[in-house]
Amino acid sequence: MINGKTRTCGLIGNPVEHTLSPVIHNTLAEECGHNLVYVPFPVEAGRVAEAVRGAYALDILGLNVTVPYKSEVMDALVETDELAARIGAVNTLVRTQGGYKGYNTDVNGLYRAMLSEGIRLEGEEIILLGAGGAARSAAFLCGAKNASGVYLLNRSMDKAVQVADEVNGAFGRKLVHPMLLSDHPKLPDQKFLAIQGTSVGLSPHDEDAVIEDAAFYKKIHTGFDLIYKPFTTRFMKLVAEAGGKAYNGLKMLLYQGIDAYELWNQVKITEERAALVYDKLRRAMGL
Ligand code: ATR
């Protein structure tokens, strides 16, 4: 029941109407018996700093940050976690003395999602498709978890080179090799973990995949699409048709939320509760 002691968390971004984050956090609050509500806050362009100041004044416990404010919000924080600062993107604000501290739970969320499916990054050879915000986070995760090599394939070479330089610079080794998507036939003839981080195949373009060539998919033992809508992307179908295991990004969404909830409330969410929230997310998506 909402009463005089209810704490508030929320999401700032633009747009925010289609967010599934309230499902995650309000379910967790209910399950944990926390007196907390989570609501979306649409923020107009140019008003992020004002929104963060206002949230602090209103005693808001924590915020998630989504598109297009994940880097802009960093100017409004009193402190930023080291990995989030390296990545240059913050998706979670935690209330501290004098202001909010920024974290990037997208990265750890992806890691926890992969762990929950038994996928490792340590020592792995990885193909990463894309060089936008989502793919960048995945590239940093590969660096943080000591992947042995990452072939980063993108439509435009300049962005691929930029992400590769940033990640290689941050981890002090030549981990990421930038390539053009169209050069995928030049990939070594071996089996890879492939992470699909482009926006190609996102609903309503369910029938699109960033690469169609069946020969490419023969090189993939496991395909992880960061997209979760549709639930089974064309990329995942192509991976499965070629004999690989395929996963979508819904567990990444789940665990980035759980990670944020844990930071806000200083609790550890059990796998049993995570499974319950995952079921609710699926139902909210009409599955
Ligand atoms: P997100 O936040 O989802 O990562 P983004 O930062 O806009 O979104 O990045 C979108 C990614 O999808 C980029 O890697 C983009 O390639 P470019 O850097 O060349 O723009 C990729 N992408 C989008 N549409 C594409 C298409 N039709 N073919 C190939 N790649 C595409």
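Residues numbered from 1 in each chain as written. Predicted model: local features only at pLDDT ≥ 70, side-chain atom pairs only at ≥ 80, totals over all residues. Heavy atoms only, no water.

Visitor: Account for the overall build of the chain, with residues named and values stated.
Guide: Counting its secondary structure elements, the chain contains ten helices and twelve strands. Since a compact globule built from 287 residues should have a radius of gyration of about 19 Å, the 19 Å found for the chain is in line with a globular shape. Taken along the three principal axes of its C-alpha coordinates, the chain extends 60 × 40 × 30 Å. Residues counted as buried form 49% of the 287 residues belonging to the chain. (Helix = DSSP H or I, 4+ residues; strand = E, 2+ residues; numbered from the N terminus. Rg over C-alpha atoms; globule rule 2.2 N^0.38 Å. Buried < 20%, exposed > 50% of the residue type's maximum accessible area, 1.4 Å probe, protein only.)

Visitor: Give me the side chain of R136: which residues, what numbers.
Guide: Tracing the sequence through the fold places R136 in helix 5 (residues 133-144). Exposure remark for R136: the relative accessible area of 16% places this residue in the buried category. For R136, the contacting residues outside a window of four places in its chain are I87, G88, A131, V163 and E166. (Contact = heavy atoms within 4.5 Å.)

Visitor: Give me the site of the ligand: which residues, what numbers.
Guide: The immediate surroundings of the ligand are formed by 14 residues, with A131, A134, N154, R155 and S156 found nearest. Between an oxygen atom of the ligand and a main-chain N or O atom of A134, the distance comes to 2.9 Å. In this structure, an oxygen atom belonging to the ligand sits 2.7 Å away from a side-chain N or O atom of S156. Burial of the ligand by the protein amounts to 65% of the accessible area it has alone, namely 650 Å². Residues of the shell around the ligand, tallied by class, amount to five nonpolar, seven polar and two charged. (Near = heavy atom within 4 Å. Polar contact = N/O pair within 3.5 Å; in protein donor to acceptor, adjacent residues only side chain to side chain. Areas by Shrake-Rupley, 256 points an atom, 1.4 Å probe, with all protein chains shown as cover. Nonpolar A, V, L, I, M, F, W, Y, C, P; charged D, E, K, R; others polar.)

Visitor: Which residues make up the sheet that holds strand 9 (residues 176-180), and what values go with them?
Guide: Strand order in the open sheet made by the six strands is 9-8-7-10-11-12, with parallel pairing throughout. Looking at the sheet topology across the chains shown, the edges are occupied by strand 9 and strand 12 (245-247). Taking the axes of each pair of neighbouring strands and ignoring which way they run, one obtains an average angle of 20° across the sheet. In this sheet, strand 10 (residues 192-196) lies alongside strand 7 (residues 125-129) in parallel orientation, the contact comprising four bridges. For L129, the partnering residue across the bridge sits in strand 10 and is Q196. The sheet strands contacting helix 8 (residues 234-241) are strand 7, strand 10, strand 11 (220-225) and strand 12, and the helix crosses strand 11 at an angle near 165°. (Pairing = 2+ DSSP bridges. Axes fitted to C-alpha atoms, helices over the stretch in contact; angles between N-to-C directions.)

Visitor: Explain the side chain of Q256 residue by residue, including any values.
Guide: Within the element layout of this structure, Q256 appears in helix 9 (residues 250-265). By relative accessible area, which is 7% here, Q256 ends up buried. Looking at Q256, its side chain comes within polar contact range of the main-chain oxygen of L253, at 2.9 Å. In this structure Q256 touches S21, I24, N64, N91, T105, D106 and G109, once residues within four positions along its chain are discounted.

Visitor: For the nonpolar core, give the residues involved together with the corresponding values.
Guide: Counting 60 residues, the largest nonpolar core has L121 and I195 as the members making the most contacts within it. Take this core: its biggest share by element is nine residues, from helix 9. Other than its neighbours up to four places away in sequence, I195 contacts M114, L121, I126, I127, L128, L129, A138, C142, F224 and L226. Among the nonpolar cores identified, the runner-up in size contains 18 residues, and L181, L187, Y217 and F235 belong to it. (Core = buried A, V, L, I, M, F, W, Y, C linked by side-chain atoms within 4.5 Å.)

Visitor: Can you lay out the pairing of strand 5 (residues 92-96) for me, pointing to particular residues and giving the numbers?
Guide: Here three bridges tie strand 3 (residues 62-65) to strand 5, and the two strands are oriented antiparallel to one another. Directly across from G62, in strand 5, lies its bridge partner V94. From the end of strand 5 to the start of strand 6 (residues 99-103), which pair antiparallel, there are two residues, and G98 there has a positive phi angle of about 85°.

Visitor: Mind laying out the pattern of salt bridges, listing which residues take part and the relevant values?
Guide: Evaluated as defined, the whole model comprises 14 salt bridges. A salt bridge links E262 to K268; the shortest N-O distance between them is 3.6 Å. The class for E262 is buried, based on a relative accessible area of 11%. Through salt bridges with shared partners, one network takes in R112, D259, E262 and K268. (Salt bridge = Lys/Arg side-chain N within 4 Å of Asp/Glu carboxyl O.)

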